[in-house]
Amino acid sequence: MRDYLPALDGLRAISILLVLLAHAGLSYVVPGGLGVLIFFVISGFLITRQMITEIESTGGLNFKNFYLRRVFRLAPALLLYILFFTIVLLASGSVITPTHILSGLFYFANYYQVFIGYPLHNPIPIIWSLSVEEHFYILFPFLIFAFQKNLPRFLPYLLVGVCTVL
């Protein structure tokens, strides 16, 4: 199985464009949320594909390697983003607390935004979608591992769960 699927680049571009246009003030016409959902589906597909490939080739899933790959893929950009925008926005008088920064670094920005909220001109709220993806990365490998041998029996329950959520 090839690792790179060029068609997904086009879908990623469309999803990013939808989000950018919605944030540019066109949210009444352009569905930015759809762009986020497309990106979530692409990420979920790629991670699932990667895990299935590993299970098929090695007979199992190496959790340590999986999580190390996630950390090294996400952490550098996240750290640079938080560092840069925290410095710039603090210099311009914004309110950014250590808890705000920790909510981004430890992927609970989505919960913080919902239950507490961030002040204006804070760089962390935008990390909500990355937090949601990280929750998926934390939980999904365990589900794949737990049901890898009994997936056909598990699928009806999964479909009921998905329909219930919808």
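Visitor: Kindly report on the packing of helix α3 (residues 63-91) against helix α4 (residues 98-105), identifying the contributing residues and their values.
Guide: At their nearest, the axes of α3 and α4 sit 10 Å apart, and the two run at 160° to each other. It follows from the interaxial angle that α3 and α4 lie roughly antiparallel. Handedness of the α3/α4 crossing: right-handed. Between α3 and α4, the contacting residues are Leu78, Leu79, Ile82 and Thr86 on the first element and Ile101, Gly104 and Leu105 on the second. Of the residues contributing to the contact of α3 with α4, the split by class is five nonpolar, two polar and no charged.

Visitor: Residue-level account of the environment of Pro123, with values.
Guide: Topologically, Pro123 is positioned in the loop between α5 (109-115) and α6 (128-147). A relative accessible area of 3% means that Pro123 is categorised as buried. Separated by 95 residues in the primary sequence, Pro123 and Tyr28 place their C-alpha atoms 24 Å from one another. Not counting chain neighbours up to four residues away, the residues in contact with Pro123 comprise Tyr81, Phe85, Thr86, Leu89 and Ile96.

Visitor: Before we move on, can you summarise the nonpolar core with the specific residues and values?
Guide: Ranked by internal contacts, the top residues of the largest apolar core, which has 18 residues, are Met51, Ile124 and Ile127. Ranked by the residues each element gives to this core, the list is headed by α3, at five residues. Excluding residues within four positions of it along the chain, Ile127 makes contact with Leu78, Tyr81, Ile82, Gly104 and Ala109.

Visitor: Please provide a residue-by-residue account of the packing of aromatic side chains, values included.
Guide: Summed over all chains, the structure comprises 10 aromatic pairs. Centre to centre, the rings of Phe66 and Tyr67 are 5.1 Å apart; their planes meet at 80°, and the pair counts as edge-to-face. A relative accessible area of 22% places Tyr67 in the partly exposed class. Seen in terms of ring centroids, Phe136 and Phe140 are 4.7 Å apart; in terms of plane orientation they differ by 20°. Their pairing is stacked. One end of the pair, Phe136, and the other, Phe140, are both in helix α6, four residues apart, so they sit about a helical turn from each other. On the accessibility criterion, Phe136 (28% relative accessible area) is partly exposed.

Conventions adopted
- Residues numbered from 1 in each chain as written.
- Predicted model: local features only at pLDDT ≥ 70, side-chain atom pairs only at ≥ 80, totals over all residues.
- Heavy atoms only, no water.
- Axes fitted to C-alpha atoms, helices over the stretch in contact; angles between N-to-C directions.
- Helix = DSSP H or I, 4+ residues; strand = E, 2+ residues; numbered from the N terminus.
- Parallel < 35°, antiparallel > 145°, perpendicular 65-115°, else oblique.
- Left-handed = near helix turned anticlockwise from the far one by under 90°.
- Contact = heavy atoms within 4.5 Å.
- Nonpolar A, V, L, I, M, F, W, Y, C, P; charged D, E, K, R; others polar.
- Buried < 20%, exposed > 50% of the residue type's maximum accessible area, 1.4 Å probe, protein only.
- Core = buried A, V, L, I, M, F, W, Y, C linked by side-chain atoms within 4.5 Å.
- Phe/Tyr/Trp six-rings, centres within 6.5 Å; stacked < 30°, edge-to-face > 60°.

Purely geometric numbers; function is a separate question.
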